[in-house]
Amino acid sequence: VGAEVGLATPQGGLYVQNGRNNHLDSGQWTTTDDSGKFVFPPQLEPFELIVLHDQGMRQVSGKNAANWKQIELQPWSKLTGALMLGKAPGSGENISLGHVSLYQPDVPHVYFDYRAKTDHAGKFEIDRLVPGTATVGRQITYGVRDGGSMSTNAISQSIDLKAGQTVELTLG
């Protein structure tokens, strides 16, 4: 009840930021009704469904109707960590986390993007994480010009996120 459901196609991918629909993608979204049901128009091309709720999430392929007749949510993962720059805490630094996925044309795509900022002690926390393999690191922004910018990650580390579990990590 009250879950957001997104439909990704090869022409309309979904962009999920910090575990929430940020309304900046070209996919289709709806919300489940009081009985937990939702409706999308029939699809002629491949599709993926993503369900986002405070209690958890689930991503399912549209290839087999049995996958999405009854969708059970899996709990979110969580990351707590600290950034060290040498022996000092990295305070006020940007942290980014992305899931490992390769772009393939003609395949539905859901892109998960996570951002956090470290506190004065270099600590950070990211919740509503999709389980799976991800890369987390300090995000360095450069080339800021005309309202745009470029960024790269440093001190990156691969992590394995399991449903319902919290990973603790020190970067640096």
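Residues numbered from 1 in each chain as written. Predicted model: local features only at pLDDT ≥ 70, side-chain atom pairs only at ≥ 80, totals over all residues. Heavy atoms only, no water.

(A) View of the nonpolar core. Membership of the largest hydrophobic core comes to 26 residues, with the highest contact counts inside it found for Leu79, Leu97 and Ile126. The element contributing the most residues to this core is strand β10 (residues 110–117), with four residues. With residues near it in sequence (within four places) discarded, Ile126 still touches Lys78, Leu79, Ile95, Leu97, Tyr114 and Ala116. Counting nine residues, the second largest nonpolar core, distinct from the first, contains Val5, Phe47, Val51 and Val60. (Core = buried A, V, L, I, M, F, W, Y, C linked by side-chain atoms within 4.5 Å. Buried < 20%, exposed > 50% of the residue type's maximum accessible area, 1.4 Å probe, protein only. Helix = DSSP H or I, 4+ residues; strand = E, 2+ residues; numbered from the N terminus. Contact = heavy atoms within 4.5 Å.)

(B) The sheet that holds strand β5 (residues 48–53), seen in detail. Spatially, four strands are ordered β4-β1-β5-β6 in an open sheet, and the strand pairing comes out antiparallel. Lying at the two open borders of the sheet, with one neighbouring strand each, are β4 (28–31) and β6 (56–61). Going across the sheet, the axis of each strand differs from the next one's by a mean of 15°, ignoring polarity. Two elements, strand β1 (residues 4–8) and β5, share five bridges in a ladder whose sense is antiparallel. Following the sheet pairing, Glu4 is matched in β5 by Leu52. (Pairing = 2+ DSSP bridges. Axes fitted to C-alpha atoms, helices over the stretch in contact; angles between N-to-C directions.)

(C) Local environment of the pattern of salt bridges. As enumerated under the stated definition, the model contains six salt bridges in all. In this structure, Asp54 and Arg20 form a salt bridge, with 3.9 Å as the shortest nitrogen-oxygen distance. Of this pair, Asp54 sits in the loop between β5 and β6 while Arg20 sits in strand β3 (residues 20–21), and the two are 34 residues apart along the sequence. Its relative accessible area of 61% is what places Asp54 among the exposed residues. Judged by its relative accessible area of 45%, Arg20 falls in the partly exposed class. (Salt bridge = Lys/Arg side-chain N within 4 Å of Asp/Glu carboxyl O.)

(D) Geometry of the pairing of strand β9 (residues 94–99). Bridge analysis of β9 against β10 gives five bridges, and the strand direction is antiparallel. Along β10, the bridge assignment pairs Leu97 with Tyr114. Two strands pair when backbone bridges link them, and β9 and strand β12 (residues 132–145) are joined in this way by six bridges, in the antiparallel orientation. Residue pairing for β12: Gly98 is matched across the bridge by Thr135.

(E) Looking closely at the side chain of Thr32. When you line up the elements, Thr32 lands in the loop between β4 and β5. Exposure remark for Thr32: the relative accessible area of 10% places this residue in the buried category. Leaving out residues up to four positions away in the same chain, Thr32 has contacts with Val1, Gly2, Ala3, Val5, Lys37 and Phe38.

(F) Looking closely at the environment of Thr31. Mapping Thr31 onto the fold places it in strand β4. Note: C-alpha distance between Thr31 and Gly2 (29 residues apart in sequence) is 5.8 Å. When residues no more than four places from it in sequence are discounted, the contact partners of Thr31 are Gly2, Ala3, Glu4 and Lys37.

(G) Representation of the side chain of Ser77 within the structure. Among the secondary structure elements, Ser77 is positioned in strand β7 (residues 77–85). A distance of 2.7 Å separates the side chain of Ser77 from the backbone oxygen of Lys162, its partner in a polar contact. With near-sequence residues (within four places) excluded, Ser77 lies in contact with Asp127, Arg128, Leu129, Pro131, Leu161, Lys162, Ala163, Gly164 and Gln165. (Polar contact = N/O pair within 3.5 Å; in protein donor to acceptor, adjacent residues only side chain to side chain.)

(H) Spatial organisation of the environment of Tyr15. Mapping Tyr15 onto the fold places it in strand β2 (residues 14–17). Separated by twelve residues in the primary sequence, Tyr15 and Gly27 have C-alpha atoms spaced 8.3 Å apart. One polar contact links Tyr15 to Asp113, side chain to side chain, over a distance of 2.5 Å.

(I) Quick look at the sheet that holds β3. Overall, mixed pairing links the six strands, which are arranged β3-β2-β10-β9-β12-β13 in an open sheet. Edge positions in the sheet fall to β3 and β13 (148–161), since each has one partner strand and no second. With four bridges joining them, β2 and β10 adopt parallel strand pairing. Paired with Tyr15 across the strands is Tyr111, a residue of β10.

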